[in-house]
Each structure stands twice: as C-alpha cells, then as structure tokens.
Amino acid sequence: DLDASFAAAVSRLTETRFQVEEIAYQLRDYAAKIEFSPARLEEIGERLAQIQKAKRKYGSSVDEILLHYEQIQKEINELLGTEHQSEELVRQVSELEREFLEAAQRLSQKRCATSKSLSRAVEKELAGLSMQKTVFGVELNTAESLASEKGIDQAEFLISANPGEAPRPLTKIASGGEISRVILALRSVLTLETYPKTLVFDEIDAGIGGRVASNVGEKLARLARDHQVFCVTHLPQIALQADQHYYLEKRQQQKRTVIHMSRLQAEERVEELARMLAGETVTASTLQHARELLEAAKRGTER
C-alpha cells in the first residue's frame, strides 16, 4: 500500500493464490476418493512376490511367463481332448474285432471243408511212400480265445499207421521216419510260401527201399527246385537225386571222436553210390550201374 511499484507483484501473488487454492481443492477431492485397504495392499504384495517367483522358474519377464502359460494351456486342452479320442479308438477296436471274427469264421468254414480233401491227398502221397494203410486226418479246434493273426482255429494232425487203431496226434505216436514222410507228403500237396525255405529230412528212409525209395528221392528233388533241402540218408535211390552229395564219417582227433564232412566230386560220388548199392565190395559193374543211375537222375532233374 505504501509503494505503488509493488502493485504488479501483488496482482501476480493474488492470481497465484487463486491457482494454489484451486489445486488444493482438487487434491482434497482426489484424497477424498482414495480408499486405503491394508488387506488389498498385502494381496498385491503377495501377487508381486508370486510374479518374481514365476520369473525365476518360467521366464525373465511377464511376457515370457504368459507365453509359457499359453503353451501349458494348449497341452491341457489336448489332454482333455484325449477322452474323446479314447472313445473313438474304443469304437474302432470294437468294429475291427467284429470284422476280424467274421473273417475268422469264414476262414474256419473253409478250413473245415478243405481238411477232408487235404487228408485224402496226403493219404494218397503216403501210399507211395510205403505207408499204404495209413489214415491221416486234421482235427480243428475253434474258439474265440484262440484268436491270432491266423484266425481262431488250432489244427492238429492225426495219424493211424496201423489198421484198426483210431487216429492219434502225429507228434505223439509217429516215429522220426514216419514224421519225415508225412512232412514230405504235406509238402508235396501243399503250396509252400513264395519265399525259399530250408527243409531238413532225417530218417525219411527208415523201413523203405526199392521203388518207394526212388519215389521219396524224386519228391525231394522236386521240392529242391524251389527250396533248399537237406536229407540224411543211407539209400542210393535218394542220394543220387541230390544236387550235392556230402559224405560223413567219424574220426579220432586228439583222443576225441569228431564228425568229418566232405563234398564228393564226380567220380567220388559214383564210388560212394556204388558202395551204398553193393556194400564194401564194389565191382566194375556196380560202378557202372551207379554211374548210369546218376546220369538218369540228372536227366530227370533237367526235365
């Protein structure tokens, strides 16, 4: 009031006062709206602590944590969807089981019908192998509990080598020679798998000779056209049909008995066949006979 030069300053102070009062009123209104909750503060603190813990385990930032969460959520959804997938798989299995049983039953019917013709064919082959009165049969046991990739049947071969006796399981009553001849008969009437097989026959010449032995040798030779056939025999009629002839003998070696096997060459084979024909006494005529038989067998194989 004493110095007019302060009039401008007083005006600015008055204006500033009004502005400060306005700001004060705004702060008062703002403060009145704020609600302070210690419980909420504690909750936020705990959540921030959980975020820090998650960063140490799942990522260095919140974005990485959220990405990990999305991946986990996707896996959970996939796992929840497996229940539906399981139901669909169960339905498919049930449908496939039904189709399998239908196919297996049709196969069983065909097997039952075919087993009779197979038995007759095998008996015919056995008659040419010196087992004229042999009865051969196939027993089929059918049950769903036997299900496998081969159907629901279990087959067993039955045989009666003596008239008047009921057929019994082949594996229980047949001798080694009889089993070999039955196998040869089966191989002669059945179509083997398309891939080559190795067939081993031992004691197949037991109790036979002459023309029957020749029949056995010829059947083995026919099998050998498509498969590898090994046969242990003492009969020349069988041995001369082979493509390769090996001779086995026992020898003493270092006070032990060992089996020595050697492949016979052309003339050696003739000599061994002659010995098989005549025993230890081999004559020129026996050698000639062995040579002629061997040549005849080769011609038959070529045809």
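The structure this text deals with has already been given above.
This write-up is about the structure you can find in this document. (Residues numbered from 1 in each chain as written. Predicted model: local features only at pLDDT ≥ 70, side-chain atom pairs only at ≥ 80, totals over all residues. Heavy atoms only, no water.)

### Examining the sheet that holds strand S1 (residues 135-142)
Here three strands make up an open sheet; going across it, the order is S1-S2-S3 and the pairing antiparallel. Edge positions in the sheet fall to S1 and strand S3 (168-169), since each of these pairs with one other strand and no more. Of the strand pairs in this sheet, strand S2 (residues 153-160) and S3 are connected by two bridges, and their pairing is antiparallel. Its bridge partner lying in S3, Ile159 is registered against Arg168. Running at roughly 165° to S1, helix H3 (residues 62-127) makes contact with S1 and S2 of the sheet. (Pairing = 2+ DSSP bridges. Helix = DSSP H or I, 4+ residues; strand = E, 2+ residues; numbered from the N terminus. Contact = heavy atoms within 4.5 Å. Axes fitted to C-alpha atoms, helices over the stretch in contact; angles between N-to-C directions.)

### Digging into a nonpolar patch on the surface
Nonpolar side chains collect at one region of the surface, where Tyr246, Leu248, Ile259 and Met261 lie side by side and expose about 440 Å² of accessible area between them. Inspection of the secondary structure puts Ile259 in strand S7 (residues 256-263). In this structure Ile259 comes out as exposed when scored by relative accessible area, which is 56%. (Patch = residues over 30% accessible without salt bridge, like charges linked within 9 Å, V, L, I, M, F, W, Y side chains within 5 Å. Areas by Shrake-Rupley, 256 points an atom, 1.4 Å probe, with all protein chains shown as cover. Salt bridge = Lys/Arg side-chain N within 4 Å of Asp/Glu carboxyl O. Buried < 20%, exposed > 50% of the residue type's maximum accessible area, 1.4 Å probe, protein only.)

### Topic: the environment of Cys231
Structurally, Cys231 can be placed in strand S5 (residues 228-232). Distance in space between the C-alpha atoms of Cys231 and Lys298 is 18 Å, their sequence separation being 67 residues. Residues in contact with Cys231, not counting those within four places in the same chain, are Phe201, Ile204, Leu220 and Ile238.

### So, the pattern of salt bridges
Under the counting rule described, the total for this entry stands at 12 salt bridges. The partner of Asp153 in a salt bridge is Arg111, and the shortest N-O contact between them spans 2.9 Å. On the criterion of sequence distance, the pair formed by Asp153 in strand S2 and Arg111 in helix H3 is long-range, its members being 42 residues apart. Measuring nitrogen to oxygen at the nearest pair gives 2.6 Å for the salt bridge that ties Glu267 to Arg291. Residue Glu267 is located in helix H8 (residues 266-278), and its partner Arg291 is located in helix H9 (residues 284-302); the two are separated by 24 residues in the primary sequence. One continuous salt-bridge network, built from bridges that share partners, spans Glu95, Arg98 and Glu102.

### Observations concerning the side chain of Thr134
Within the secondary structure, Thr134 sits in the loop between H3 and S1. Exposure remark for Thr134: the relative accessible area of 7% places this residue in the buried category. Among the polar contacts listed, one links the side chain of Thr134 to the backbone oxygen of Met131, at a separation of 3.2 Å. Those residues in contact with Thr134 that lie beyond four places of it in its chain are Glu123, Leu126, Ile159, Ser160 and Ala161. (Polar contact = N/O pair within 3.5 Å; in protein donor to acceptor, adjacent residues only side chain to side chain.)

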